[in-house]
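The primary structure of each chain is shown beneath.
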Amino acid sequence: MKSSSLAAKAFAIFAKDLRSEVRTRYGVGSVALFAVTSLVVASFAVSPYALESDAQSAFLWVVLFFSSMSGLSRSFVKEEETRTSLALKLSAPPLAVFYGKMAFNLTLMIAVELIVVPMFLLFMDVSLKSYGLFIVAIVLGTAYMSAATTIVAAIISKANSKGTLFAVLSFPVTMPGLIMAVRMTNSALAGLGMSSSVSEISGIIAFTVMITVLSSMLFEFVWND
Amino acid sequence: MAITVVIDGVSRRFGERTALRKVSAAARPGRLLLVTGRNGSGKSTLLKIAAGLLRPSTGSVVYRDGADDGSPELFSDRIGFVSPELSLYDELSALDNLTFFGGLKGVRDAALKGEALLERVGLLDRADDPLSSFSSGMKQRMKFCFSLINDPDVWILDEPTANLDDAGKELVYSLIEDMRKKSALIIATNEKEEVRLGDEVIELGR
């Protein structure tokens, strides 16, 4: 009569969040609005030719960081504000909720990057010399940001001043991965090959695994509080 | 196998405030344990602890299923819970909500089960409508569907007839009569009509 694995339950929560997002477009709307606005304003204010590759890569990740801050917390905050978290607690194990929400945050960030990254390349007049490394930087940076912000989103969903707390708490947690993503992006824009970023690639993968494991251990206490 | 819920000396504090003090009771299969008491006496807190949604500060809640004893968390797939604090997803349809939660609770053919429950509570014709278009009474009926999607062995109801008209109340009473044949029931209420239904009554905050 009853059978479902942790993975199946996590996927069901991910699919539910995706369906809700398609209907309301709240998360992707707020994230994309911030990203596109800041990108367009900055590209008009600063001549793209005036920026070196290190400034361009930092600028790209600043836009991605702050735009994710404006939307990634929604997955948990909405559950608390609409009081649906109780039904979810009664129906799914905490780990399924955590991995489902993390997968949704990852998907949301990818959706935003599909808009932001091409715009960045266009507005900043970037001539990419190392496509492979650039894609690796974006993929690993995104995975790290999603893993790091999911647990922070769960923590701040119980607090009163959620928006401010999310950015403040996320800053130290996301910083190590963000720095490595900026360095990798800089190498890619400067035309250096994959071999120039081996330490950053292995570092960000290690950080992502570590923060995912630690978060999944901590999540049950946060979720059931 | 039927489950007996044993509540043993349960207390709960929120900071300095004691919400619940040394409550002991048992909910047995086929019996209705009724919890009553003035507002703020800890009825909802006790029900949340019984469902595993809150941990007691002291004391314990044990689910006994033959030889298998365990905490409520271990039996979560076999609990049904209705509360004023519980909401379903407004942006999803009635049937999507039940299919989603049924799937999470490991119910096969959750959609078919959901349709049967919607028919039972008189909402089958609204199955594809989002919950945002439902009245508070209809949402309360949906909570009953949610709580019954997994055929629970322990059914816990907090103020079950809140927001319901007379027909809705009659529906709830008929569901209670059906469920008390096989499940352990715990109901918190101050409605005189419902207090009479209890096989055992505990009054909190005296």
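Higher on the page you've got the structure.
We now turn to the structure provided with this report. This is a predicted model, so every value here is computed, not measured.

Before going further, it helps to spend a moment on helix H1 (residues 6-24) of chain A. For H1 of chain A, built from 19 residues, the straight-helix expectation of 27 Å at 1.5 Å per residue is met to within 8% by its first-to-last C-alpha distance of 27 Å. Considered for burial, the residues of H1 of chain A that qualify are Lys9, Ala10, Ile13, Phe14, Lys16, Asp17, Ser20 and Glu21 of chain A. Along the axis of H1 of chain A, the buried residues cluster in a sector spanning 160°; they form a single face. Away from its buried face by more than 90 degrees, H1 of chain A exposes Ala7, Phe11 and Val22 of chain A. Elements in contact with the buried residues of H1 of chain A: helix H2 (26-45), helix H4 (74-81), helix H5 (85-91) and helix H6 (94-123) of chain A together with helix H2 (94-104) of chain B. A positive phi of about 55° marks Arg25 of chain A, the residue just after H1 of chain A.

Attention now moves to a nonpolar patch on the surface. Residues and elements named next belong to chain A. On the surface, Ile205, Val209, Met210, Val213, Leu214 and Met217 cluster together to form a nonpolar patch covering roughly 560 Å² of accessible area. With respect to the helices and strands, Ile205 occurs in helix H9 (residues 198-223). Overall, the relative accessible area of 41% leaves Ile205 in the partly exposed class.

A few words on the interface of chain A and chain B. Facing the 26 residues of chain A at the interface are 27 residues of chain B. Scanning the region where chain A abuts chain B turns up three salt bridges. Notably, a salt bridge pairs Arg23 of chain A with Asp96 of chain B, separated by 3.7 Å at the nearest N-O pair. For the pair chain A and chain B, the interface holds 10 residue pairs in polar contact (both at pLDDT 80 or more). Counting only elements with at least two residues in the side of chain A that touches chain B, the list comes to H1, H4 and H5 of chain A. Looking at the side of chain A that touches chain B element by element, the count peaks at eight residues for H1 of chain A. Class assignment for the residues of the side of chain A that touches chain B results in eight nonpolar, eight polar and 10 charged.

Residue and element names in this part refer to chain B. In this model, helix H4 (residues 136-148) (13 residues) spans 19 Å end to end at C-alpha, consistent with the 18 Å of a helix rising 1.5 Å per residue. Judged by how many residues are buried, H4 sits mostly within the fold: 11 of 13 residues are covered. Residues Gly137, Met138, Gln140, Arg141, Met142, Lys143, Phe144, Cys145, Phe146, Ser147 and Leu148 constitute the buried set of H4.

Bringing the environment of Ser83 of chain B into the picture now. All names here are of chain B. Residue position: Ser83 is located in the loop between strand E6 (79-82) and H2. Residues Ser83 and Pro160 lie 77 residues apart in sequence; the distance between their C-alpha atoms is 7.1 Å. Residues within four places of Ser83 in sequence aside, it is in contact with Lys143 and Asp158. Separated by 2.9 Å, the side chain of Ser83 and the backbone nitrogen of Glu85 make a polar contact.

Thresholds applied
- Residues numbered from 1 in each chain as written.
- Chains lettered and ligands numbered in written order.
- Predicted model: local features only at pLDDT ≥ 70, side-chain atom pairs only at ≥ 80, totals over all residues.
- Heavy atoms only, no water.
- Helix = DSSP H or I, 4+ residues; strand = E, 2+ residues; numbered from the N terminus.
- Expected span 1.5 Å × (residues − 1).
- Buried < 20%, exposed > 50% of the residue type's maximum accessible area, 1.4 Å probe, protein only.
- Arc of directions from axis to C-beta.
- Contact = heavy atoms within 4.5 Å.
- Patch = residues over 30% accessible without salt bridge, like charges linked within 9 Å, V, L, I, M, F, W, Y side chains within 5 Å.
- Areas by Shrake-Rupley, 256 points an atom, 1.4 Å probe, with all protein chains shown as cover.
- Salt bridge = Lys/Arg side-chain N within 4 Å of Asp/Glu carboxyl O.
- Polar contact = N/O pair within 3.5 Å; in protein donor to acceptor, adjacent residues only side chain to side chain.
- Nonpolar A, V, L, I, M, F, W, Y, C, P; charged D, E, K, R; others polar.

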